[in-house]
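# A look at the structure
So the chains spell out like this:
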Amino acid sequence: AKGGASSRASTPLRILPLVLNTSATNDIEVCIKPLHNTFNNVDQFLEFLELYSILGATHFTFYNSSLGPQVDCVARDYVARGKIQVLPWKLDIASQKEIRTEGIFAALNDCLYRSRHQGRRFAAMVDLDEFLIPGEDFHNLTDLMRKFTSGKSRVGSVSFQNAFHYLLWEDDAHFSAPAFAPLI
């Protein structure tokens, strides 16, 4: 077969039965793409966990492709306290080039289905350098999400506008940021 199609066709499918929990809470699950390259930035890891906790996140799911020793130590402490779960993430493929960056989308889909099964109503899919900051009318992310899901609203997903803040680059004196419409 052309391009190895026959070998892929003979690979058995792995089917995961989906059982949804219908008594969802307002808990917020934070799903983080697989950590790789022996990730060992403890400050970034702690900042991420604690800021999202302050903002109302109740649970975190990490996928461990390869953690460094310091982050692994901190992660074990958070796991012991029931704050996060760290799942092993080793893909059965010959090369990471076969699938985009450590299988991000497979991991995030896994996290989404796990969070729904565990009864969490909301799941944020972010990276360690991405923060969802609610506007001034909201105390935390739960209040913000209630805005989208109150009354007869049946919102299935929310996409947020992003802003980049590069602290390593000097500000461009000739650039003026455009005014953005408020999200809410």
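Residues numbered from 1 in each chain as written. Predicted model: local features only at pLDDT ≥ 70, side-chain atom pairs only at ≥ 80, totals over all residues. Heavy atoms only, no water.

Now for the overall build of the protein chain. Scanning the protein chain from terminus to terminus reveals five helices and four strands. Ordered by position in the sequence, the α and β elements of the protein chain form the string α-β-α-β-α-β-α-β-α. Burial analysis of the protein chain (184 residues in total) assigns 32% to the buried set. The contacts in the protein chain between residues at least 6 apart in sequence include a share of 76% that link residues at least 24 apart. Surface accessibility of the protein chain: about 13100 Å² in total, with carbon and sulfur atoms responsible for 54%. (Helix = DSSP H or I, 4+ residues; strand = E, 2+ residues; numbered from the N terminus. Buried < 20%, exposed > 50% of the residue type's maximum accessible area, 1.4 Å probe, protein only. Contact = heavy atoms within 4.5 Å. Areas by Shrake-Rupley, 256 points an atom, 1.4 Å probe, with all protein chains shown as cover.)

So, on to helix 2 (residues 42-54). Helix length check: helix 2 (13 residues) gives 18 Å between terminal C-alpha atoms against 18 Å at 1.5 Å per residue, within 8%. Where helix 2 is concerned, the buried positions are Val42, Phe45, Phe48, Leu49, Tyr52 and Ser53. Along helix 2, the residues classed as buried sweep out an arc of 135 degrees about the axis, all on the same side. For helix 2, exposure combined with an orientation more than 90 degrees from the buried face picks out Asp43 and Ile54. Backbone geometry just after helix 2 places glycine 56 at a positive phi near 110 degrees. (Expected span 1.5 Å × (residues − 1). Arc of directions from axis to C-beta.)

Attention now moves to the state of the cysteines. Per the stated rule, a full pass over the model turns up one disulfide. In this model cysteine 31 forms its disulfide with cysteine 111; the gap between the sulfur atoms is 2.0 Å. Residues cysteine 31 and cysteine 111 are joined by a disulfide whose S-S torsion is about -80 degrees; by sign, that bridge is left-handed. Residue cysteine 31 is located in strand 1 (residues 25-32), and its partner cysteine 111 is located in helix 4 (residues 104-117); the two are separated by 80 residues in the primary sequence. Across this residue pair, the class does not change: cysteine 31 and cysteine 111 are buried. (Disulfide = S-S within 2.5 Å.)

Moving on: unusual backbone geometry. The phi dihedral of asparagine 37 falls on the positive side, at around 55 degrees, and the residue is not glycine. Its identity is not glycine, yet threonine 38 carries a phi of approximately 50 degrees, on the positive side. Mapped onto the fold, threonine 38 is located in the loop between strand 1 and helix 2.

What follows deals with the side chain of serine 115. Take serine 115: it is sitting in helix 4. Classification of serine 115 as buried rests on a relative accessible area of 1%.

Attention shifts here to the environment of arginine 81. With respect to the helices and strands, arginine 81 occurs in the loop between helix 3 (69-80) and strand 3 (84-88). Looking at arginine 81, its side chain comes within polar contact range of the side chain of aspartate 77, at 3.0 Å. (Polar contact = N/O pair within 3.5 Å; in protein donor to acceptor, adjacent residues only side chain to side chain.)

Let's shift gears to the environment of alanine 75. Along the chain, alanine 75 falls in helix 3. In this view, alanine 75 contacts Phe45, Ile84 and Val86; residues no more than four positions away in its chain are not counted.

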